[in-house]
Amino acid sequence: MPSLLSPIPDARFGPAQARHLLCRVAFGPDRVRAARLSELGVHQAVETVLAGADTSGLPEPPVDPDVRRPFTREEQQAYRQAINSEDPELRKKAREARQAFDRKDRQMIRDLQPWWLERMMLTPDPTQEFATLFWHGHFATGYQPVRDAYLMWRQNEALRRYSLDSFATLARYIVHDPAMIKYLNNHQNRRGKPNENLARELMELFTLGEGMYRESDIKEGARALTGYTFSDNDFSFNERQHDDGSKTILGKRGKFDGEDFVGILLKQRACARYIALKLYRHYVADVSDRYEDLEGSAKLVVDQVARVLRSNKYAIRPTLRTLLASDHFYSDAVVGRKIKSPAQLVVGTARSMRTPKRSMVRQHEGMRVMGQTLFEPPSVAGWGVGRSWINTSTLYARQNTCVYMLTGKSPGRKWNKKGVNYDPMRLITDLDKGDPRGVANVLIDEQLGPGLPAERRVPLIDFLAEGDKAITRDRLLGFLTLVTAMPEYQLC
């Protein structure tokens, strides 16, 4: 039987397939870039989107490493004296001083959320940000339990740095990551008093999947991770708290530490299969997160991707190179059938429609209402996919956010036409403005996909071509607003 990962022939790789590639790895379509990519053939096109770009010109993150710095001995002593004082005013001032650090840290995470959203919109390397978002959901770590914005940013930077590198590198990194250690309480994991949280999630959610280990493996894995803690903003190994006795993990016996534990997990066939499934869910299709639930071609492709991962020692880039060039990736069962996450919807709208710079805070708030808050996954299991993004409330939020991005108008807020501050005519500088029906079809192909049936196009084309007059800015803006209201706009 031929591999489902066999590459699509170049003869079948045209602008529509290049558009699909951009939708799945770079947040959204871009017909000019798609046209250029289609001329390269599938292998070179995939190589191009995975190649990376210089991102040094992007806005710097709003971080301060010292907001949560450890207090000095003198500061601790002064605080204790104030708190134990009989002077209520002194006690109040001491508490307020500590609360000021908390407020500053909360403000830092509130600044980081729109910073990352803007970075996704502006970056010349959207493939990297899309991969970073994937790993943020995989190694899910939330600010509320961590309560240290700088550590959250440090983790974000590491996920970005290794995003297309190697899963083995990421897995080894994550047991040394201070934010993850704090999130899963591994700083409380000590010899004789093991805390199993990190060991359990490392096996169940990060590497193997449910049912691929026993409770005894978790307990022994936790012993291997004893002493893995942090000091200020950095990882720290507390040798005195590390259990250096012999352990048995998944049939292997030895005086294992955290590195050994991760190495044992990476050698399991279930690990490559589990990561292959996660990659498939992010880049290809909205399927179950349980391998046992997969059927047909999805199951076969996940198996084949797992083999590619193993043969490349968990390197992500060559694995994606194979998957994104595959015939399966461009099949009718895949194209246009994945529901956009809130980040894909918002960032994709900004990038593909070149919307003006508006409040990142408000756009991120729209994402929150849709169910996706950056630096705050709902649990250690991360976000879901597919229909979990869609309900009657989130559909309103999706449309309202797109309207805000296009027009500046928010529900319940005063607005006038000057607030639009957006010229959509620059989207059609390469098209014949005297041919509104032709322009409408080109934009529909770009934004909704070339597979949209003729009867679904008619209302949009009639709107833009009303009176068959030349296209105006207002009419084009109305057209784009209608496009974002189409059910097909929720798909990629």
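The structure presented is a predicted model; accordingly, all values stated were derived computationally and were not measured.

Calculation rules
Residues numbered from 1 in each chain as written. Predicted model: local features only at pLDDT ≥ 70, side-chain atom pairs only at ≥ 80, totals over all residues. Heavy atoms only, no water. Helix = DSSP H or I, 4+ residues; strand = E, 2+ residues; numbered from the N terminus. Buried < 20%, exposed > 50% of the residue type's maximum accessible area, 1.4 Å probe, protein only. Contact = heavy atoms within 4.5 Å. Lys, Arg positive; Asp, Glu negative; His and termini not counted. Charge placed at Lys NZ, Arg CZ, Asp CG, Glu CD. 1 Å grid on protein atoms, 1.4 Å probe; cavity = no way out; pocket = protein on both sides within 12 Å on 5 of 7 lines; lining within 4 Å. Points joined across faces, edges and corners; volume = space filled by probe spheres on them. Nonpolar A, V, L, I, M, F, W, Y, C, P; charged D, E, K, R; others polar. Salt bridge = Lys/Arg side-chain N within 4 Å of Asp/Glu carboxyl O. Phe/Tyr/Trp six-rings, centres within 6.5 Å; stacked < 30°, edge-to-face > 60°. Lys NZ or Arg CZ within 6 Å of the ring centre and 35° of its normal. Expected span 1.5 Å × (residues − 1). Core = buried A, V, L, I, M, F, W, Y, C linked by side-chain atoms within 4.5 Å. Pairing = 2+ DSSP bridges.

Caption draft 1: Broad picture of the overall build of the protein chain. Helix and strand counts for the protein chain come out as 22 helices and 4 strands. Principal-axis analysis of the C-alpha atoms places the extent of the protein chain at approximately 80 × 70 × 40 Å. Taking all 492 residues of the protein chain together, 52% fall into the buried category. Intrachain contacts of the protein chain at a sequence separation of at least 6 include 73% that bridge at least 24 residues. Side chains of the protein chain carry 74 positive and 61 negative charges; the gap between the two charge centres is 2 Å.

Caption draft 2: Quick peek at empty space enclosed by the protein. Summed over all chains, the structure comprises 1 cavity of 30 Å³ or more. There is about 40 Å³ of room inside the largest cavity. Lining the largest cavity are Arg-19, Cys-23, Pro-29, Lys-340, Gln-447, Tyr-489, Leu-491 and Cys-492. Grouping the constituent residues of the lining of the largest cavity by class yields 5 nonpolar, 1 polar and 2 charged.

Caption draft 3: Region of the structure containing the layout of surface pockets. The calculated volume of the largest pocket comes to roughly 720 Å³. Mapped by element, the contributors of at least two residues to the lining of the largest pocket are α6 (126–138), α11 (197–207) and α14 (269–283). Among the elements that take part in the lining of the largest pocket, α14 stands out by supplying 7 residues, more than any other. Along the lines of polarity and charge, the residues of the lining of the largest pocket split into 16 nonpolar, 9 polar and 10 charged.

Caption draft 4: Examining the pattern of salt bridges more closely. Per the stated rule, a full pass over the model turns up 28 salt bridges. With a shortest N-O distance of 3.3 Å, Arg-290 and Asp-293 are connected by a salt bridge. Judged by its relative accessible area of 40%, Arg-290 falls in the partly exposed class. Here Asp-293 falls in the partly exposed class, since its relative accessible area comes to 39%. One salt bridge in this structure joins Glu-488 and Arg-456, with 2.9 Å as the shortest N-O distance.

Caption draft 5: How the structure looks around the packing of aromatic side chains. For the coordinates displayed, the defined rule picks out 17 aromatic pairs. On the numbers, 5.2 Å between centres and 80 degrees between planes, the contact of Phe-27 with Phe-130 is edge-to-face. A residue pair is termed long-range when its members are at least 10 positions apart, and Phe-27 in the loop between α1 (15–25) and α2 (31–38) and Phe-130 in helix α6 qualify at 103 residues. Note on accessibility: Phe-27 and Phe-130 belong to one class, buried. Taken together, a centroid distance of 5.9 Å and an interplanar angle of 25 degrees make the contact between Trp-135 and Phe-139 stacked. With relative accessibility at 1%, the residue Trp-135 sits in the buried group. Classification of Phe-139 as buried rests on a relative accessible area of 0%. Members of the aromatic cluster, each reached through a chain of ring pairs, are Phe-27, Phe-130, Phe-134, Trp-135, Phe-139, Phe-167, Phe-206, Tyr-283 and Tyr-314. The ring of Tyr-489 carries Lys-340 above its face, with NZ or CZ at 3.7 Å from the centroid. Seen from the ring of Phe-463, Arg-475 lies directly overhead, with NZ or CZ sitting 4.7 Å from the centre.

Caption draft 6: How the structure looks around α14. The end-to-end C-alpha distance of α14 is 21 Å, a good match for the 21 Å that 15 residues give at a rise of 1.5 Å each. Judged by how many residues are buried, α14 sits mostly within the fold: 13 of 15 residues are covered.

Caption draft 7: Structural view of the nonpolar core. By size, the foremost hydrophobic cluster in this structure holds 141 residues, and its most contacted members are Leu-21, Trp-135, Phe-139, Phe-167, Phe-261, Ile-428 and Phe-479. For this core, the element with the most residues is α14, which contributes 10 residues. Residues in contact with Phe-139, not counting those within four places in the same chain, are Gln-155, Leu-159, Phe-167, Leu-170, Ala-171, Ile-174, Met-180 and Phe-206.

Caption draft 8: Inspection of the pairing of strand β2 (residues 234–237) at higher detail. Direction of pairing for strand β1 (residues 228–231) relative to β2: antiparallel, over a ladder of 4 bridges. Of the residues in β2, the one forming a bridge with Ser-231 is Asp-234. Taken together, β1 and the strand that follows it, β2, pair antiparallel across an intervening segment of 2 residues, in which Asp-232 is found at a positive phi of about 55 degrees.

These figures capture arrangement, not role.
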